Amino acid sequence: MARLKILVVGAGFAGVACAGRLERRLAPGDADIALVTPVSYQLYLPLLPQVAAGVLTPQSVALSLRRGRYRTRIIPGLAIGVDARAKVCVVRRITGELTNERYDYIVLAPGSVTRTFDIPGLKEHGRGMKTLAEAAYLRDHVIAQLDLADAAVDEQEKISRLQFVVVGGGYAGTETAACLQRLTTHAVRRYPRLDPSLIRWHLIDIAPKLMPELGDKLGRSAMEVLQRRGVEISLGVSVAEARPDQVTFTDGRVVPSRTLIWTAGVVASPLVETLGAETVHGRLAATAQMTLPGFDGVFALGDGAAVPDLEGGDGAVCPPTAQHAHRQAKTVADNVIAALRGEPLRSYRHRDLGLVVDLGGRNAVAKPAGVELHGMPAQAVARGYHVGAMRTNVAKARALTNWILNAAAGDDFVRIGFLAEEQPSLRHFEQTDAYMTPQQVREHTASLNADQG
């Protein structure tokens, strides 16, 4: 008889940790394990703003899947549809061709994509902070604005190139604004013809507080750090319209700007819609054991799944954070093995480890185990946490070396050359238009079965 096939979709914190645990806990003859991912690395997403600022190199946050992964078959492609009845996952390989991966058990950890709204011009002119390509692109883009402003003859063009808008007062937006503002502040010293006072960073959010998960005290502390640096923070405000050279806020202000960085939350990967399963705010409605009711052999976790938060109670679900994704992966892997052996599954429970926010330089805020910290103690905790959470020793060494080098030698302001004449959009970076509809998935698998018959 053929061995059972376990298919893991997604190489984020959840998918990689799950595949690794399955590989360690299962004997080679127990099952075949495969991991579907369009890239050959696990992205350490929390440090992307530091890649955009040039503090860390891209390799520092791209953790190779080939290190320590020997039995798992890596399928280089994007899962674009799942037919749970036929037990087939449709994969678009990096070459563009479609392949069909059959499975006995599937672990869905496709992650999330940037949440957007029907705002005129947003999808054309907004840039996200969700992929390594976006971070590298933004670094080139921001430095290019300084170069172009320095060479500009028209004063209005110069002003629009030196104003930057970040939307989203969560961790991603706050850290992005903090790190990139610090980059431009240091870089402008190398541009003697530019007036530093023309450089302005705007951080806006429709919410009434900045990073409310941190609590009032640390949230205010983070705001004060940014405001001392000159970042203009506007709460209760969002974007009404985006144009190539200006952004209109919902309070009526028009900001001349050629840089709109959109980090206003995430939504589950479009892959979850292809199953036709019940969802909670766009995330798969999973059980506490991370199974999908009514779907045989399907497990879901991470950003794409609404997993009950048994510690929180009152119908709460686990937030889409790396901390939850990594720890859910262990429970899912154990439950897949239990299902293979006909044993009972266990529920996911957790204890919150706290939160860390790196604001660049010597500034950070942190709340480890409920203890509120800011300044250098928080920075030590934040960077210590990130190094400890990285999966490979090579990545840990690279991050530490980069931080030391940056502290000693300062920033570099080099454009690598990622900018193109046709500016890429959010959907180009995150491939959100690649997914099938449920009907297309069923038609595809039906034709597959007909051909085999």
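Everything numeric here is computed off the predicted structure, so don't read it as measured data.

What counts, and at which threshold
- Residues numbered from 1 in each chain as written.
- Predicted model: local features only at pLDDT ≥ 70, side-chain atom pairs only at ≥ 80, totals over all residues.
- Heavy atoms only, no water.
- Disulfide = S-S within 2.5 Å.
- Buried < 20%, exposed > 50% of the residue type's maximum accessible area, 1.4 Å probe, protein only.
- Helix = DSSP H or I, 4+ residues; strand = E, 2+ residues; numbered from the N terminus.
- Contact = heavy atoms within 4.5 Å.
- Pairing = 2+ DSSP bridges.
- Axes fitted to C-alpha atoms, helices over the stretch in contact; angles between N-to-C directions.
- Salt bridge = Lys/Arg side-chain N within 4 Å of Asp/Glu carboxyl O.
- Domains from an automatic or database assignment.
- Buried area = accessible area lost by both parts, 1.4 Å probe.
- Phe/Tyr/Trp six-rings, centres within 6.5 Å; stacked < 30°, edge-to-face > 60°.

As for the state of the cysteines
Every disulfide links exactly two cysteines, by a covalent bond between their sulfur atoms.
Thinking step 1. Counting across every chain of the model gives zero disulfides.
Thinking step 2. A disulfide-free cysteine, Cys318 has its sulfur positioned 16 Å from the sulfur of Cys18, the nearest such atom.
Thinking step 3. On the basis of relative accessible area, Cys318 is assigned to the buried category, the value being 0%.

So, the environment of Ala369
Thinking step 1. Following the sequence through the fold, Ala369 ends up in the loop between strand E24 (364–368) and strand E25 (373–374).
Thinking step 2. Spatially, the C-alpha atoms of Ala369 and Asp352 are 7.1 Å apart, while their sequence positions differ by 17 residues.
Thinking step 3. What Ala369 contacts, discounting residues up to four positions off in sequence, is Leu353 and Gly354.

Focus: the sheet that holds strand E17 (residues 259–262)
Hydrogen bonds along the backbone pair up the strands of a sheet, which may run parallel or antiparallel.
Thinking step 1. Ordered by their spatial adjacency, five strands build an open sheet running E10-E17-E11-E12-E13, and the pairing between neighbours is parallel. Pairing within the sheet leaves two strands with one partner each, and these edge strands are strand E10 (126–127) and strand E13 (232–235).
Thinking step 2. Of the strand pairs in this sheet, strand E11 (residues 163–167) and strand E12 (residues 200–205) are connected by five bridges, and their pairing is parallel. Among the inter-strand pairings, Val165 is bridged to a residue of E12, identified as His202.
Thinking step 3. Its contacts with the sheet put helix H5 (residues 132–151) on E10, E11, E12 and E17, and the angle it makes with E17 is roughly 155°.
Thinking step 4. Contacts from helix H7 (residues 171–187) reach E11, E12 and E17 within the one sheet, and its direction differs from that of E12 by about 175°.

Brief notes about the pattern of salt bridges
Thinking step 1. Inspection of every chain in the model, using the stated rule, returns 15 salt bridges.
Thinking step 2. Asp150 serves as the salt-bridge partner of Arg193, at 2.8 Å between the closest nitrogen and oxygen. Taken together, the residues Arg193 in the loop between H7 and E12 and Asp150 in helix H5 connect sequence positions 43 residues apart.
Thinking step 3. We classify Asp150 as buried; its relative accessible area is 18%.

Section: the environment of Ile80
Thinking step 1. For Ile80, the location among the structural elements is in strand E5 (residues 73–83).
Thinking step 2. By relative accessible area, Ile80 is classed as buried at 3%.
Thinking step 3. Separated by 121 residues in the primary sequence, Ile80 and Trp201 place their C-alpha atoms 37 Å from one another.
Thinking step 4. Those residues in contact with Ile80 that sit more than four places away from it in its chain are Val90, Arg92, Leu98, Leu271, Thr274, Ala434, Tyr435 and Met436.

Some points on the domain arrangement of the protein chain
Thinking step 1. In terms of domain boundaries, the protein chain breaks down into domain 1 (4–114 + 267–351 + 433–451) and domain 2 (126–264 + 354–419).
Thinking step 2. One C-alpha centre belongs to domain 1, the other to domain 2; they are set 30 Å apart.
Thinking step 3. Taken together, the contact pairs 32 residues of domain 1 with 30 residues of domain 2.
Thinking step 4. Between domain 1 and domain 2, roughly 2,800 Å² of surface is buried when both sides are summed, and carbon and sulfur atoms account for 61% of that area.
Thinking step 5. One can count zero salt bridges joining domain 1 with domain 2.
Thinking step 6. Mapped by element, the contributors of at least two residues to the side of domain 1 that touches domain 2 are strand E3 (41–43), helix H2 (48–52), helix H3 (58–61), strand E4 (62–64) and strand E9 (112–114).
Thinking step 7. The element best represented in the side of domain 1 that touches domain 2 is H2, accounting for five residues.

Here's the deal with the packing of aromatic side chains
Thinking step 1. Taken as a whole and judged by the stated rule, the model has four aromatic pairs.
Thinking step 2. With centroids separated by 4.4 Å and ring planes inclined at 15°, the aromatic side chains of Phe164 and Trp201 adopt a geometry described as stacked. Residue Phe164 is found in strand E11, and its partner Trp201 is found in strand E12; the two are separated by 37 residues along the sequence.
Thinking step 3. With relative accessibility at 0%, the residue Phe164 sits in the buried group.
Thinking step 4. Looking at Trp201, the relative accessible area reads 2%, which means it is buried.

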